[in-house]
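# Examination of the molecular architecture
Letter by letter, the chains look like this.
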Amino acid sequence: LVGEFARRVTGRAFEQLLVDEVVAPLGLTGMFCGLPAGEDSRMAVLEEVFEPGKEPGKKPATVVAEAIPYWMQPLGDWMNTEAGRRACVPASSGIMSARSLAKHYAALCPGGVEGVELLSPERVRIATQRQCPSEPQENPARRSLGYGLGGAEGSEYGARPTSFGHAGYGGANAFADPEKRYAAAYTKNYYSKGGATGEVLKKLREVLGVE
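Residues numbered from 1 in each chain as written. Predicted model: local features only at pLDDT ≥ 70, side-chain atom pairs only at ≥ 80, totals over all residues. Heavy atoms only, no water.

### Topic: the side chain of Lys188
- Position of Lys188 among the secondary structure elements: in the loop between strand S7 (182-186) and strand S8 (190-191).
- One buried charged side chain, Lys188, makes no salt bridge at all; its nearest oppositely charged neighbour is Glu48, positioned 9.8 Å away.
- Within the structure, Lys188 has its side chain in polar contact with the backbone oxygen of Gly170 (distance 2.9 Å).
- A polar side-chain atom of Lys188 sits 2.5 Å from the main-chain carbonyl oxygen of Tyr190. (Helix = DSSP H or I, 4+ residues; strand = E, 2+ residues; numbered from the N terminus. Buried < 20%, exposed > 50% of the residue type's maximum accessible area, 1.4 Å probe, protein only. Lys, Arg positive; Asp, Glu negative; His and termini not counted. Salt bridge = Lys/Arg side-chain N within 4 Å of Asp/Glu carboxyl O. Polar contact = N/O pair within 3.5 Å; in protein donor to acceptor, adjacent residues only side chain to side chain.)

### Points about unusual backbone geometry
- A positive phi angle is found at Glu114, which is not glycine, with a value near 55 degrees.
- Here Glu114 shows up in the loop between helix H6 (98-106) and helix H7 (121-127).
- By relative accessible area, which is 65% here, Glu114 ends up exposed.
- Even without being glycine, Arg181 reaches a positive phi, approximately 55 degrees.
- Mapped onto the elements of the fold, Arg181 is located in the loop between strand S6 (173-177) and S7.

### So, the nonpolar core
- Formed by 27 residues in total, the largest nonpolar core has its most connected members in Leu18, Leu26, Met31, Tyr105 and Phe164.
- At the level of secondary structure, the elements contributing two or more residues to this core comprise helix H2 (14-26), strand S1 (31-33), H6, H7 and S6.
- Counting residues per element, this core draws most heavily on H2, at six residues.
- What Tyr105 contacts, discounting residues up to four positions off in sequence, is Tyr147, Phe164, Gly165, His166, Ala174, Phe175, Ala176 and Ala183. (Core = buried A, V, L, I, M, F, W, Y, C linked by side-chain atoms within 4.5 Å. Contact = heavy atoms within 4.5 Å.)

### Re the packing of aromatic side chains
- A complete count under the given rule lists six aromatic pairs for this structure.
- For the pair Tyr105 and Tyr147, a centre-to-centre distance of 6.3 Å together with 65 degrees between the ring planes defines the contact as edge-to-face. With Tyr105 in helix H6 and Tyr147 in the loop between H7 and strand S4 (148-149), the pair connects residues that are 42 residues apart, well separated along the chain.
- An aromatic cluster of at least three residues, connected via ring pairs, comprises Tyr105, Tyr147 and Phe164. (Phe/Tyr/Trp six-rings, centres within 6.5 Å; stacked < 30°, edge-to-face > 60°.)

### Quick notes on the pairing of S6
- Extensive coverage of S6 is indicated by the burial of five of its five residues.
- Burial along S6 is two-sided: Asn173, Phe175 and Asp177 and Ala174 and Ala176, pointing in opposite directions, are all buried.
- Bridging between strand S5 (residues 164-167) and S6 involves four bridges; their strand directions are antiparallel. Residue pairing for S6: Gly165 is matched across the bridge by Phe175.
- Where S5 folds back on S6, the antiparallel hairpin that results is connected by five residues, among which Gly170 adopts a positive phi of roughly 90 degrees.
- Pairing of S6 with S7 involves five bridges; the strand directions are antiparallel. Considered in S7, the bridge of Ala176 is made with Ala183. (Pairing = 2+ DSSP bridges.)

What follows is the structure in structure tokens.
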């Protein structure tokens, strides 16, 4: 659905749109949605570990299971297949290095990076305006137009509500902090409950001297 909407608006397939508007302007070498055949050797093999008794079955039992069709589970195994890597599914099949992902987010900060600003500060402000929940007491989670927002207690994006990012399945995460003008990304290929993503990003903020 995401890819078709973009194609109808721009007249370009999503993978070409990504190259034209993000990858090429920023000179990224590690950002794909639909991995080209010549890049397989760079792809990390995904590993997924489940708690005993919580292995994915054929019937959805959780919100995550309902969002991911049972025939694609375990998702890590599906993404290790050639079909999974080649598929361009903008909502879920991005294959990226942490460096390229972080540079993309940096280009969304005011002034961009290396002379490239992907969106104007006004457009970023519109995209990151809080949408739900409308009242903080409803849920500590904070969402905008596709991004998660900082400001909630324990947020991996920090204390500022203007910070924004998006987590990936299995613990990968990336975000930008427009006020402090920095971006960060953390990628991993070992999926397990209780990963260290939050601690890694928290330590990064401590080293940078930002909250």
